[in-house]
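The chain contents come next:
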Amino acid sequence: MVLKFGFYCGIRKNILLGLFNLILILSSGFLTYGQNIDSNNIENIDVDSLSDDQIRVYWEQAQKEGYTLDELGIIAAGRGMSQVEIAKLKRRVSSLPPKTHLDRGKMNSPPIDSNKEENPLFGRTGELTDRTEEKSEIFGYDFFNNPNISFEPNVNLATPANYQLGPGDELTINIWGAAENTYNQEVGSDGAIRIENVGPIYVSGLSVEEAKSKINSNLRRIYSGISASANSPYKVFTDVTITNIRRVQVNIIGEVEVPGTYSLSALSTVLNALYAAGGPNENGTFRNIKIVRGGEQIAVFDIYKYLVEGSNAGNEFLEDQDVIIVSPYEERVEVEGAAKRPGIYEVRSEESFEDLKEFFGSFSSDAYKERVVIERVTGTQRSIKDIIVNGEPIPLKDGDIITIGQIVDRYENKISIAGAVYRPGSYELEDNTTLSALFDKALGVRDEALMGRAILYRVIDGYKRTAQSFSVEEVLDKSYDLPLRREDSIYVFDKNNLREKLTLTINGAVNKPMTIDYVDSLKVEDLIAIAGGFKEGADVSVIDISRRVNDGSFETLSQNFRWSSTEDLKLDKRSNFNLKPFDQVSVRYLKGYSTLEEVKVEGEVSYPGNYTLSDKNYRVSDLLSKAGGLSPYANIEGATLVRKRFSDDNEEQQELLLDLGNHDSITDVQKKIDDFRIGLNLNKILEPGGKHSKYDLILEEGDILTIPSEKQTVEVRGEVLAPSLIRYDKSMSLKQYINGSGGFTSEAKKNKTYVIYANGEVKSTKNFLFFKNYPRLEPGSVILVPPKPERTGGLSVQEIIGITTGLGTIGLIIDRLSN
């Protein structure tokens, strides 16, 4: 048994070694990607000598290839790197600073020339973000997470008056007038600039103006004209400007997103440095940011004061080796409800609710401002306090949750009126306001108002809603009145809304059939004129009017009248026949009147074009005779009749056919319900006795008879290897045409192959037992091979064979190992 296990382990080891070698081959390009590293001599590489940029290049490429840090170590070991160096490599990769802060994390980065680098990176660039995309509830937190702002100081602006020069600053001294010269001097590590024949001038710690005065006093040794008067021909003018700002190293520690040492412009302030480090994290203070210089605290910066008041107190210019300390927050409270800026706020122990109001922007417009609720932690449990807001200080404690409620959604003096009045809406409830006074405010009722009844809705005890009806007529004539209360609502009914809408309908041989609102005393001729008058072919002597009846015997459904008019709708003053509500007027056409109906013939005929049907028995043979017969190049077998879609009466059948067409698996056939292609047997129609036979179809309006030209090809489409056009050969079978297109694909459903003929007819393959009877072919035919339907479940025959073969092989291996 031990031998068997050892043999099995040996096989597994060989397999793993083979896979490992394959990984090494595939990843050989990875270890050659980098700068100044010889991948062929990787076993001799000292990881400590590699820069962070080179380590990052290796690690980013490995991630693109899909490798983990452990797999990276395996690959390096396979190339001969020692385990000690592999451990160093993993440690270096794990300690890489975030990419957006790479340029700030170097301890000894040299000063950067702003004239040489057009777009230096500064802190967060917007390419990556360490914070969640969701807006934080902590006030001020998202201020440092906005990629659209940058606090990088602009070196092209005028140097601040309080800026102090230091080692690394570059000065340009221009001299013109009686003498001309330019000096570009960098402040050295000793704090001095050195001008030839002048000696060192110590300017470190001086402002620009102070440095200029000191430089001028030293330049007088070689340019005496500096002291001359302004209008003297010997006057020498000078100007001192800063052309390059030095870099300073600043340490940012504590509760910030990316603590570390940053190389910043000397024009940077505390706010610039915090932005470069990503700002305070969720545990960091925004109110007590300390700046330490030379071991002593020189200032405290309050971000809230900056955000709310714009105060720069404590936002000092930074100097080399300054330390910014962001401690954890001390106290926080939460504001929710009807505040302009709900959220979590950091407060100091001496601050009260009035101070907090400045941070959250005070109350919103719908806030209940007289009282707030404070939920407070008291030892081992919580408590609720209702606080009256009267301007006196309300002390706050860490963990307080302050809820600002909203005003009650009700009115103290509102009444309203709606319906058939001239000015519906809400009105003020004044002392002793009555129903009649409210009607006066609404400018009275409209003519269509129901005078006998209106409704007063009233709320009793704050929740119970009641209704009281009254007569509008009595209120208006002052015989009845009622004092109103708060929230009372009156509705005046419209008589037109209390009955079915009265209409009149006209149809038939008029220009604009329509249904209109009923009008009293309207006559038949009036309604015909409103409908645009008679159409051509209208029989003005036959106009039917149908009217609703109320028959108590339940026998009569409608009352019908026959009316006669004139073409000019001349007024007949003797007529007293008026239309009644819901009357339906139908103007009839003259007997036998019909409009012209056209059909079209195109293709290989003598005179293609449009033709008018002469009678209802007009057939294909009649149209061919009218078109001059067939041309010598006509393909008789391909004759097709295109007929327009069903009439509007068959909409349900049309929708059913569309639904069936959407589920048809034969996707290569054009399934357009807008028209139909009918295959014609033109040979039967043209032979003696074929005219008016069953093959000679009766034509309908819009039919299109198409006679194509002779075809000499057969097209093969669908699931074949090479869909193509093949020359027609009467002796070739359908299978031979498919072989001429490369044969069936593996997805072909062979037994469903079908043929579309030139005249639109479709014939499919017939199956009987193991035999297939393919349809005959004619010139212009299209052979379509449909795909197999998608399998939704179960295993195919090939999959079953593959699984059983694999199981048999495994069984054979186990049997061999056991023997």
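Residues numbered from 1 in each chain as written. Predicted model: local features only at pLDDT ≥ 70, side-chain atom pairs only at ≥ 80, totals over all residues. Heavy atoms only, no water.

This part takes up the sheet that holds strand E33 (residues 754-756). Here we have 5 strands laid out as an open sheet, ordered E32-E31-E37-E33-E34, and mixed in their pairing. Edge positions in the sheet fall to strand E32 (724-727) and strand E34 (762-764), since each of these pairs with one other strand and no more. Adjacent strand axes in the sheet meet at a mean angle of 25 degrees when their direction is disregarded. Judged from the 3 bridges that link them, E33 and strand E37 (residues 782-785) form a sheet pairing that is antiparallel. Bridged to valine 755 within E37 is isoleucine 783. (Pairing = 2+ DSSP bridges. Helix = DSSP H or I, 4+ residues; strand = E, 2+ residues; numbered from the N terminus. Axes fitted to C-alpha atoms, helices over the stretch in contact; angles between N-to-C directions.)

So, about the environment of glycine 690. Along the chain, the position of glycine 690 falls in the loop between helix H14 (682-686) and strand E30 (704-707). C-alpha separation for the pair glycine 690 and serine 621, spaced 69 residues apart in sequence, amounts to 8.8 Å. Ignoring sequence-local partners within four residues, the contact set of glycine 690 consists of Lys684, Ile685 and Asp696. (Contact = heavy atoms within 4.5 Å.)

Turning to the sheet that holds strand E11 (residues 332-337), a few remarks are in order. Here 5 strands make up an open sheet; going across it, the order is E12-E11-E15-E13-E14 and the pairing mixed. The strands lining the two open edges of the sheet, one partner per strand, are strand E12 (343-346) and strand E14 (381-388). Here the strands of the sheet are splayed against their neighbours by 25 degrees on average, with no regard to which way each runs. In this structure, strand E13 (residues 371-378) lies alongside strand E15 (residues 401-404), joined through 3 bridges in antiparallel fashion. Its bridge partner lying in E15, valine 373 is registered against threonine 403. Against the sheet, helix H8 (residues 353-360) contacts E11, E12, E13 and E15, and its axis sits at roughly 125 degrees relative to E12.

This paragraph deals with the pattern of salt bridges. For the structure shown, the criterion picks out 27 salt bridges. Where glutamate 319 meets arginine 293, a salt bridge forms, and the shortest distance between an N and an O atom there is 3.5 Å. Placement of the pair is glutamate 319 in the loop between helix H7 (303-309) and strand E10 (322-328) and arginine 293 in strand E8 (residues 284-293), with a sequence separation of 26 residues. Here glutamate 375 ties to arginine 382 by a salt bridge, and the two come within 3.5 Å at their closest N and O atoms. For arginine 382, a relative accessible area of 49% corresponds to the partly exposed category. The structure contains a network of salt bridges with shared partners spanning Arg287, Asp302, Arg348 and Glu351. (Salt bridge = Lys/Arg side-chain N within 4 Å of Asp/Glu carboxyl O. Buried < 20%, exposed > 50% of the residue type's maximum accessible area, 1.4 Å probe, protein only.)

Another point: the confidence of the model for the chain. Across the chain, the average pLDDT comes to 80, with 81% of residues at 70 or higher. Mean pLDDT values for the elements of the chain range from 40 in helix H1 (residues 2-26) up to 95 in strand E20 (residues 489-494). A low-confidence stretch, residues 100-132 stays under pLDDT 50, and its non-local contacts, those more than four residues away or across chains, total 78 contacts. Predicted confidence for residues 663-673 stays below pLDDT 50, and this span has 14 contacts to residues more than four positions away or in other chains. (pLDDT = per-residue confidence, 0-100.)

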